[in-house]
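Tertiary structure, described
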Amino acid sequence: MNVDALFRPFSLKSLNLKNRFVMAPMTRSFSPAGVPTPEVAAYYRRRAGEVGLIISEGTVVDRPASSNDPDVPHFYGEQSLAGWKRVIDGVHEAGGVMAPQIWHVGVMRPHESGWLPSAPFEGPSGFVVPGESGGVAMSGADIADTIAAFGRAAADAKRLGFDAVEVHGAHGYLIDQFFWAGLNKRTDRYGGASLAERSRFGAEVVKAVRAAVGEAFPVILRLSQWKPQDFAVKLAKTPEELASWLTPLSDAGVDIFHCSQRRFWQPEFEGSDLNLAGWAKKLTGKATITVGSVGLSGEFIAAFQGESSHPSPLDDLVRRFERGDFDLVAVGRALLSDPQWVTKIRDGRSEQLHDFTRAALATLW
Ligand SMILES: Cc1cc2nc3c(=O)[nH]c(=O)nc-3n(C[C@H](O)[C@H](O)[C@H](O)COP(=O)(O)O)c2cc1C
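Here is a short report on the structure shown in this document.

The rules behind the values
Residues numbered from 1 in each chain as written. Predicted model: local features only at pLDDT ≥ 70, side-chain atom pairs only at ≥ 80, totals over all residues. Near = placed C-beta within 6 Å. Nonpolar A, V, L, I, M, F, W, Y, C, P; charged D, E, K, R; others polar. Core = buried A, V, L, I, M, F, W, Y, C linked by C-beta atoms within 7 Å. Buried ≥ 20, exposed ≤ 12 C-beta atoms within 10 Å, placed from the backbone. Helix = DSSP H or I, 4+ residues; strand = E, 2+ residues; numbered from the N terminus. Contact = placed C-beta atoms within 7 Å. Axes fitted to C-alpha atoms, helices over the stretch in contact; angles between N-to-C directions. Parallel < 35°, antiparallel > 145°, perpendicular 65-115°, else oblique. Left-handed = near helix turned anticlockwise from the far one by under 90°. Pairing = 2+ DSSP bridges.

Take the site of the ligand next. Every one of the 24 residues lining the ligand counts as a neighbour, but A24, G58, F300, G332 and R333 are closest to it. Considered class by class, the residues forming the shell around the ligand number 11 nonpolar, nine polar and four charged.

Below is the structure:
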């Protein structure tokens, strides 16, 4: 298996990456009271020499109910931002490049510990899953404040020295709750029967982020068709619908679409083997990141339930990459459990790759 193509550099605006591998954003819940610790900084730094771009775990914006976990890092407040400054400085010292993933969870179920944020969960219509209320519907003022909070977080990312910013618009969290007709029942300008109408909130977030960072700073948007609430949901059922969703987001200022699938090789629509990243690139002309079980046999949600995954070949990934389907490849669990994963791939040391087991989630190595 020749993986040389994945070790070509990549440049976009001010971003210069040594290879095509991206560390996928992974919530680790090791930041008590929202403050990233020195151990968190060391964890990212350990991966910085190997990976082209590190995307941080989701880190929440300044809203009373943007988090559903007391150990998820904040991207606001003096102490949390000082923690993030330590993270990015360490990554840069080790030769790495990094973007924070800025996040608002939307309406969620309470944390398993019973911990709750200081205000009720908020979302487009208060639903946690279709038909079941779990929070409040956001007012116009809530929406405006949330958009502004994303903008401030992006400005802070740039000010602290991060190299790009990723907006978390995937996986059934706040922005995705607006996209999803099952959870967005609004009758104002943030709702509507079409996906294009429901993408307005996401587009306004992206515009605020773009305005905060300027033209030269790369803005990444993560999207997914699937939701943890329901794997079968497909927001866009046709390429035309996908175009109607992505075009306003692209126009709002997205540079890179990060297209989350649980298995990157699954075709998005009948009649073509293109995956979501392949379609997003074809329809928008923007750069894309693919992700989902790269180098591993099993997918990540099953991993949370204890299913182990074995190393698996990258041939199909390389084939798609060389065809021009996507620009970058995000890797989650393989990098979570092994900071040397990229180097082992480069050097063909496949006998040194190991299985992913749930035990890796318990440590910050
Ligand atoms: C422990 C863990 C935490 C995750 N947290 C996030 C997150 O904060 N934001 C996000 O967009 N995706 C998150 N994901 C999804 C990953 O970014 C990635 O899409 C998924 O793990 C599939 O990649 P993989 O098969 O290479 O692990 C998480 C995944 C794992 C395993």
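Within the largest apolar cluster, 105 residues are counted, with the highest numbers of intra-cluster contacts made by V22, F150, V165, V206, V209, V329 and V331. No other element matches helix α6 (residues 200-213), which puts eight residues into this core. If we skip the residues at most four places from it in the chain, F150 touches V61, I102, V167, V205, A208 and V209.

Now for the packing of α6 against helix α7 (residues 239-252). For any two helices packed against each other, the geometry comes down to the angle between their axes and how far apart the axes lie. Two elements in contact, α6 and α7, have axes separated by 8 Å at closest approach and are oriented at 15 degrees. On the basis of their axis angle, the class for α6 and α7 is roughly parallel. In this structure, α6 crosses over α7, and the sense of that crossing is right-handed. The segment α6 lies against α7, with G202, A203, V206, K207 and R210 engaging P248, L249 and A252. A class-by-class count of the residues in the contact of α6 with α7 yields five nonpolar, one polar and two charged.

This paragraph deals with the sheet that holds strand β5 (residues 98-103). Around the barrel, which closes on itself, the eight strands sit in the order β3-β4-β5-β10-β11-β12-β13-β14 with parallel pairing between neighbours. Adjacent strand axes in the sheet meet at a mean angle of 25 degrees, parallel and antiparallel pairs treated alike.

Checked against the element boundaries, G83 lands in helix α2 (residues 78-93). For G83, a count of 22 C-beta atoms within 10 Å gives the class buried. Taking C-alpha positions, G83 is 7.9 Å from A41, a pair spaced 42 residues apart along the chain. Leave out the neighbours within four places in its chain, and G83 touches V35, P36, T37 and P73.

The next subject is unusual backbone geometry. In the Ramachandran plot, S29 falls in the positive-phi region, its phi being about 55 degrees despite a non-glycine side chain. Secondary-structure assignment places S29 in the loop between β3 (21-23) and α1 (38-48). Given 14 C-beta atoms within a 10 Å radius, S29 is considered partly exposed. Positioned with a positive phi, H171 is a non-glycine residue whose angle comes to about 60 degrees. Along the chain, the position of H171 falls in the loop between β10 (165-168) and α4 (174-179). Of the residues examined, H171 has 19 C-beta atoms within 10 Å and is grouped as partly exposed.

This next bit is on helix α8 (residues 276-284). Every buried residue of α8 is listed here: L276, A277, G278, W279, A280 and K281. G285 sits one or two residues past α8 and shows a positive phi near 75 degrees.

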